[in-house]
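What the coordinates show
Single-letter residue listing:
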Amino acid sequence: MMTAPRFCQVGNFEGYFCVKRNGKKGRRLNAKKQADSKQEQAQAEKIMAESKNDPKSFFPAELPRLGDSELKTYLDEHTVKLLRGVEPPRATLRQLKCGLASKDFLDCGEVYRATLGHWLLHREFNIYKRLEGIDGIVQHVFMPHKRVLCMDYLQGGRDLKAVPVGELPHSALDQLCNLIEKIHSRGVIHFDIGHDSNGDYGRETNILWKDNKIYIIDFAGSICGSPKPLFELLAVHDRMAIVKVIRKFFPQEKIDPHWLPTPNQAKWLRFLRKL
Ligand SMILES: Nc1ncnc2c1ncn2[C@@H]1O[C@H](COP(=O)(O)OP(=O)(O)O)[C@@H](O)[C@H]1O
Ligand SMILES: [Mg+2]
């Protein structure tokens, strides 16, 4: 029998009274929604503040022993929202009520989640461990269960694709350059922030902008410790993200040739992309 985790114990009273006070149905629903999201945020902040040094305490001690379907039920019950639609075999991304984000493959088939999904989650976890402490990398990355990866939820963080031109200060560019170099200095290539040499963004950038700070997330496709010539080639691929940011947000800025692939590197990158 599982004990109720701490974040289940807070009641939804604020939302209830808000609904009672408002007259029209639409206004009632709107007010309730706003109150709910405010309350959820306040609740998450309270739990985060209380358990700052031990995010593992958000989860019941029995969690690691749950089977996959029980775990999924548990996570569904404690999800504020899905961060994108469920698209197996891609991971399911959730914002949890306790202020963490989680990643799992529980919506995928049994074989996939126990093999490739399992490997991908552990691999990403190990890469986050390697990057621990870097400013611009999410904190509190841990696995409360072998099938789920958790980390701080970047409340209000927006993918760079959604940030309007003019809103990003020049300091964000410096932050991005520093962050990419720090990630590389720990022997990690992100490999999913700089797809196109023509300046287009892909599906998403995996670069978030939150409270005047650049974050890089999603190390699922990252590569570490590759032999030197390959590492240098792939590092150029990451740096192309900087070129994309300059082209969109700071078109007057001079592009450092160090950020661009040489014709030979471009040829190899095209070849790798085909693979
Ligand atoms: N820690 C987080 N905080 C806030 N939003 C996040 C977080 N992790 C993921 N997201 C959101 O979910 C989206 C998908 O997550 P991501 O890790 O990139 O998964 P995938 O590997 O499927 O691309 C991101 O583009 C981002 O908008
Ligand atoms: Mg992603």
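It should be noted that the structure appears before, not after, this text.
Read on for an overview of the structure. What you see is a predicted model; the values in this text were computed from it and never measured. (Residues numbered from 1 in each chain as written. Chains lettered and ligands numbered in written order. Predicted model: local features only at pLDDT ≥ 70, side-chain atom pairs only at ≥ 80, totals over all residues. Heavy atoms only, no water.)

1. Overview of the pattern of salt bridges
Enumeration according to the criterion identifies 15 salt bridges in this entry. A salt bridge links Arg94 to Asp76, with the shortest nitrogen-to-oxygen separation between them at 2.9 Å. Of this pair, Arg94 sits in strand 2 (residues 92–96) while Asp76 is found in helix 3 (residues 68–77), placing the two residues 18 residues apart along the sequence. Taking relative accessible area as the criterion, Arg94 reaches 2% and is therefore assigned buried. Taking the relative accessible area as the measure of exposure, Asp76 reaches 40% and is therefore partly exposed. (Salt bridge = Lys/Arg side-chain N within 4 Å of Asp/Glu carboxyl O. Helix = DSSP H or I, 4+ residues; strand = E, 2+ residues; numbered from the N terminus. Buried < 20%, exposed > 50% of the residue type's maximum accessible area, 1.4 Å probe, protein only.)

2. What about helix 5 (residues 116–130)?
Across its 15 residues, helix 5 extends 21 Å between first and last C-alpha, which sits within 8% of the 21 Å expected from 1.5 Å per residue. All of the buried residues along helix 5 are Gly117, Leu120, Leu121, Glu124, Phe125, Ile127 and Tyr128. Seen along its axis, helix 5 keeps its buried residues to an arc of 165°; they face one direction. (Expected span 1.5 Å × (residues − 1). Arc of directions from axis to C-beta.)

3. Some thoughts on the sheet that holds strand 9 (residues 213–216)
Spatial strand order, 6-8-9: three strands in an open sheet with antiparallel pairing. Sheet topology places strand 6 (158–159) and strand 9 at the edges, where each strand pairs with a single neighbour. Alignment of strand 6 against strand 8 (residues 207–210), held across two bridges, turns out to be antiparallel. Residue pairing in the sheet places Asp159 in a bridge with Leu208 of strand 8. Those strands touched by helix 6 (residues 170–185) are strand 8 and strand 9, and its axis lies near 35° from that of strand 9. (Pairing = 2+ DSSP bridges. Contact = heavy atoms within 4.5 Å. Axes fitted to C-alpha atoms, helices over the stretch in contact; angles between N-to-C directions.)

4. Considering the packing of helix 6 against helix 7 (residues 228–249)
Two numbers describe how helix 6 lies on helix 7: the axes approach to 10 Å, and their chain directions differ by 170°. By the criterion of interaxial angle, the relationship of helix 6 to helix 7 is roughly antiparallel. By crossing handedness, the relation of helix 6 to helix 7 is classed as right-handed. Between helix 6, through Leu173, Leu176, Cys177, Ile180, Glu181 and His184, and helix 7, the contact on the second element is made entirely by Phe231, Ala235, Asp238, Arg239, Ala241, Ile242, Val245 and Ile246. (Parallel < 35°, antiparallel > 145°, perpendicular 65-115°, else oblique. Left-handed = near helix turned anticlockwise from the far one by under 90°.)

5. A few points about the pairing of strand 2
Burial of strand 2 is extensive: five of the five residues sit out of reach of the surface. Neither face of strand 2 is open: one carries Thr92, Arg94 and Leu96, the other Leu93 and Gln95, and all of them are buried. Sheet analysis places strand 1 (residues 79–82) next to strand 2, joined by three bridges and oriented antiparallel. Across the sheet, residue Thr79 finds its bridge partner in strand 2, namely Leu96. Between the end of strand 2 and the start of strand 3 (residues 100–104), which pair antiparallel, lie three residues, with Gly99 showing a positive phi angle near 95°.

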